[in-house]
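# Results of the structural survey
Single-letter residue listing:
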Amino acid sequence: MADAVVSVLLGKLVSLLVSEGRQLLEFNDQLEETKKELQYMQRYLEEANRMKRKDRNKILKMVMTDLRELVYDAEDVIADCQLQFQKKHQGRAANFMSYYSPSSLKTRHQLGKQLSEINKKIRGVKERMKSYLDTAPRQTDKDEDGGNMPLTYPILMDEAEIIGLEDESTKIGNWLLEADGPLTVIGIVGMGGIGKTTLTQKTCNNESVKNSFKHLSFVTVSQNFKFDKLLKKMLKKLKVEEESLRGKDIEELLERLKRELDDKYLVVLDDVWGTDERMWWESLKSALPKVTGSCVIVTTRNEEVAKSVGATERHIHRPQNLSDEDSWSLFSKVAFARNRGKCTNPNLEGLGKEIVARCRGLPLTIKVVGGMMMGKGDSIHEWQRISKHLREELEISKKDELVISKLELSYEELPTRLKPCFLCFAMFPEDHNESLIRMVDWWIGEGFIWGRNGKTAREIGEECFAELFNRFLILGMNDDFFESYFTHFKMHDMVRDMVIKIAREDNFFVSLDSESMPGSSVQPRHLRISRNTTVERIRNSSTKLRTLVGMRIESKEMIASVMQNSAK
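Cut-offs and rules
- Residues numbered from 1 in each chain as written.
- Predicted model: local features only at pLDDT ≥ 70, side-chain atom pairs only at ≥ 80, totals over all residues.
- Heavy atoms only, no water.
- Pairing = 2+ DSSP bridges.
- Helix = DSSP H or I, 4+ residues; strand = E, 2+ residues; numbered from the N terminus.
- Core = buried A, V, L, I, M, F, W, Y, C linked by side-chain atoms within 4.5 Å.
- Buried < 20%, exposed > 50% of the residue type's maximum accessible area, 1.4 Å probe, protein only.
- Contact = heavy atoms within 4.5 Å.
- Axes fitted to C-alpha atoms, helices over the stretch in contact; angles between N-to-C directions.
- Parallel < 35°, antiparallel > 145°, perpendicular 65-115°, else oblique.
- Left-handed = near helix turned anticlockwise from the far one by under 90°.
- Nonpolar A, V, L, I, M, F, W, Y, C, P; charged D, E, K, R; others polar.
- Polar contact = N/O pair within 3.5 Å; in protein donor to acceptor, adjacent residues only side chain to side chain.
- Salt bridge = Lys/Arg side-chain N within 4 Å of Asp/Glu carboxyl O.
- Expected span 1.5 Å × (residues − 1).
- Phe/Tyr/Trp six-rings, centres within 6.5 Å; stacked < 30°, edge-to-face > 60°.
- pLDDT = per-residue confidence, 0-100.

## Digging into the sheet that holds strand S5 (residues 316-317)
Sheet strands pair by backbone hydrogen bonding; their relative direction is either parallel or antiparallel. In spatial order, the strands read S2-S3-S4-S1-S5; together these five strands make up an open sheet with parallel pairing. Looking along the sheet, the strands with just one partner apiece sit at the ends: strand S2 (215-222) and S5.

## Looking at the nonpolar core
Counting 67 residues, the largest nonpolar core has Phe-331, Met-373, Trp-383, Phe-422, Phe-425, Met-439 and Trp-443 as the members making the most contacts within it. Not counting chain neighbours up to four residues away, the residues in contact with Phe-422 comprise Tyr-411, Leu-414, Leu-468, Leu-473, Met-491, Val-495, Met-498 and Val-499. By size, the runner-up hydrophobic cluster in this structure holds 34 residues, among which are Phe-227, Met-234, Leu-269 and Leu-284.

## Considerations on the packing of helix H9 (residues 227-237) against helix H10 (residues 250-260)
Helix packing for two helices is described by the angle between their axes and how far apart those axes are. At their nearest, the axes of H9 and H10 sit 10 Å apart, and the two run at 25° to each other. The angle between the axes of H9 and H10 places the two elements in the roughly parallel class. In this structure, H9 crosses over H10, and the sense of that crossing is left-handed. Taking contact as the criterion, the partners of Phe-227, Asp-228, Leu-231, Lys-232, Met-234 and Leu-235 in H9 are, on H10, Ile-250, Leu-253, Leu-254, Arg-256, Leu-257 and Glu-260. Looking at side-chain class alone, the contact of H9 with H10 contains eight nonpolar, no polar and four charged residues.

## Observations regarding the pairing of strand S4 (residues 295-300)
Across the six residues of S4, six count as buried, placing the element largely inside the fold. Across the two faces of S4 the burial is the same, with Cys-295, Ile-297 and Thr-299 and Val-296, Val-298 and Thr-300 all buried. One ladder, built from six bridges, connects strand S1 (residues 184-189) with S4; its direction is parallel. Looking at S4, one finds that Gly-187 is bridged to Val-298. The pairing of strand S3 (residues 265-272) with S4 spans five bridges and is classified as parallel. Bridge pairing in S4 links Leu-266 to Cys-295.

## Quick word on the side chain of Arg-417
Of note, Arg-417 is situated in the loop between helix H17 (402-412) and helix H18 (419-423). Engagement of the side chain of Arg-417 in a polar contact is seen with the side chain of Glu-467, the distance being 2.8 Å.

## A closer look at the pattern of salt bridges
A complete count under the given rule lists 20 salt bridges for this structure. For Lys-236, the salt bridge goes to Glu-242, with nearest N and O atoms at 3.9 Å. Classification of Lys-236 as partly exposed rests on a relative accessible area of 38%. Across the pair Glu-467 and Arg-471 runs a salt bridge whose closest N-O atoms are separated by 3.8 Å. Overall, Arg-471 belongs to the buried group, its relative accessible area being 2%. A single network of salt bridges, built from pairs that share partners, joins Glu-303, Lys-307, Glu-313 and Arg-318.

## With respect to helix H15 (residues 363-374)
Helix length check: H15, at 12 residues, gives a terminal C-alpha distance of 16 Å against a target of 16 Å (1.5 Å per residue), a fit within 8%. Taken as a whole, H15 has its buried residues at Pro-363, Leu-364, Thr-365, Ile-366, Lys-367, Val-368, Val-369, Gly-370, Gly-371, Met-372, Met-373 and Met-374.

## Focus on the environment of Thr-200
Tracing the backbone shows Thr-200 in helix H7 (residues 196-204). Classification of Thr-200 by relative accessible area gives buried; the value is 1%. Taking C-alpha positions, Thr-200 is 8.3 Å from Ile-188, a pair spaced 12 residues apart along the chain. Not counting chain neighbours up to four residues away, the residues in contact with Thr-200 comprise Ile-188, Phe-218, Val-268, Ile-297 and Thr-299. Here Lys-196 takes part through its backbone oxygen, which lies 2.8 Å from a polar atom of the side chain of Thr-200.

## Here we look at the packing of aromatic side chains
Following the criterion strictly, the structure yields 13 aromatic pairs and no others. Ring geometry for Phe-336 versus Trp-383: centroids 5.7 Å apart, planes at 5°, classification stacked. Of the two residues, Phe-336 sits in the loop between helix H13 (324-335) and helix H14 (346-357) while Trp-383 sits in helix H16 (residues 380-396), which places them 47 residues apart along the sequence. Here the two residues Phe-336 and Trp-383 agree in accessibility, since each one is buried. Ring plane angle 70° and centroid distance 6.2 Å describe the contact between Phe-425 and Trp-443, whose orientation is recorded as edge-to-face. Taken together, the residues Phe-425 in the loop between H18 and strand S6 (434-435) and Trp-443 in helix H19 (residues 436-446) connect sequence positions 18 residues apart. Among the residues examined, Trp-443 registers a relative accessible area of 0% and is labelled buried. Through pairs of rings, three or more aromatic residues link up here, namely Tyr-411, Phe-422, Phe-425, Trp-443 and Phe-465.

## Considering the confidence of the model for the chain
For the chain, the mean per-residue pLDDT works out to 76, and 66% of the residues sit at or above 70. This stretch, residues 135-144, has a pLDDT under 50; its non-local contacts, to residues over four places away or in other chains, come to 17 contacts.

## Some thoughts on unusual backbone geometry
With phi around 70°, Lys-239 is a residue other than glycine that occupies positive phi space. The topology assignment puts Lys-239 in the loop between H9 and H10. Under the relative-accessibility criterion, Lys-239 is labelled exposed at 63%. Positive phi values are uncommon outside glycine, yet Phe-472 reaches one of about 60°. With respect to the helices and strands, Phe-472 occurs in the loop between helix H20 (457-470) and strand S7 (475-477). Judged by relative accessible area, which is 9%, Phe-472 ranks as buried.

This is how it looks when you write it as structure tokens:
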């Protein structure tokens, strides 16, 4: 696929040059050439995006890598040109004299040379692109988003209500209501995307279940977690003030948990991984009082994990793939959400059922593919194209690659403007939740979104968020398990795996707490560090950073090293 960041930033630069290029008369010739070259390059990117995946190869990826660096450099130089223009027109004598000082003249001379050099390099990239595509770019009036209809407002759906889970939910609910021992452990076991969390949420939201327990703590464990943080999350779900937990060690947290669970309780440990769960489980279990009727639900992909924390065969549930009927029902409620889940076009029903059949009854895949098709409207051509693509994937992909290939297709079918926004989610660690406002601010700062068509950048950003939400690529969330509003988000772990894979392939980012910088001359412009990142790794990192995401950074030396490195 053509590089999403390149496509969006190209559009931004062309728009900037069209609107402000005339003001920068001093650099007019070079900027006019830059504009024309970038406009021409946009046409080639549109052509590349129309090509089938099987026709793409390493040459295009290399061209995209070169072009990405040139676009970043062009953006930097144009920003410097704007700064020079502002200095000249501030209207103050001191600034006027400063503008014509030897150092300022030298700076503007260097900017002119840099623009000329960038134009020369862009022409070289264009020639390589022409050789690759073996055709001139076509002029087209086709919408840049390939037939996607905008989904600019979130369509809120109760996930637990859009799948036929009544029988399974009733079964687990009865286990909870009939529990009469001091502590009953229930295991829900199945592959990623099968709907374990959705089933658990539906069960816990049942009024009879809610009214049977005084305390409920629903926490996601995830593959990499720290036990003290898990305990704090559990306590916060029990309405314990976060401030009162600061500085507490594990023993103190366990004691506090034991005091809070003073009556019948239900603890949900969602998405448990690993082989050392017995170690932390025994510690956690020591803080779970022996209150008659209390229960623990564990969801996991590994049946041995469920058994190791005490789930017996009698209380292990293995969700099955959805039936054809339930699969079509789920898909319809997502893909035809604009029509209240009804397919009103009979010509689409046959194609829709072909698409659903290739999702093999996996709820996550059905929802993501359904969200993708929601944006296609009633375009028979688009539905036929997606159906054909999925059929080809089924023929060439290995069984364990089918899910990820369908998720990757959902990325490929995103409108171009959404792709770099979505790649930003790869920067966050597992099970991280972030606010909508901060994410939109990031997109604006990156230049991925900007005000246009009478709308502010923030309004555009909120619309982008809504589209990703409607496509089930991100999940809205709230600290209160029984309520939902769209101010924070998280990702399904399989979707997160997919976006990380794409972001690394596109050289979008690197995490210094787990990876080394790539050995090539092209360095990622987006960097993530954590408290585990060493200062030495930072000093050896990229000097052309655009974005730095720091997770719980406390070292002043680490922050200073990043700033010094980026200023080189």
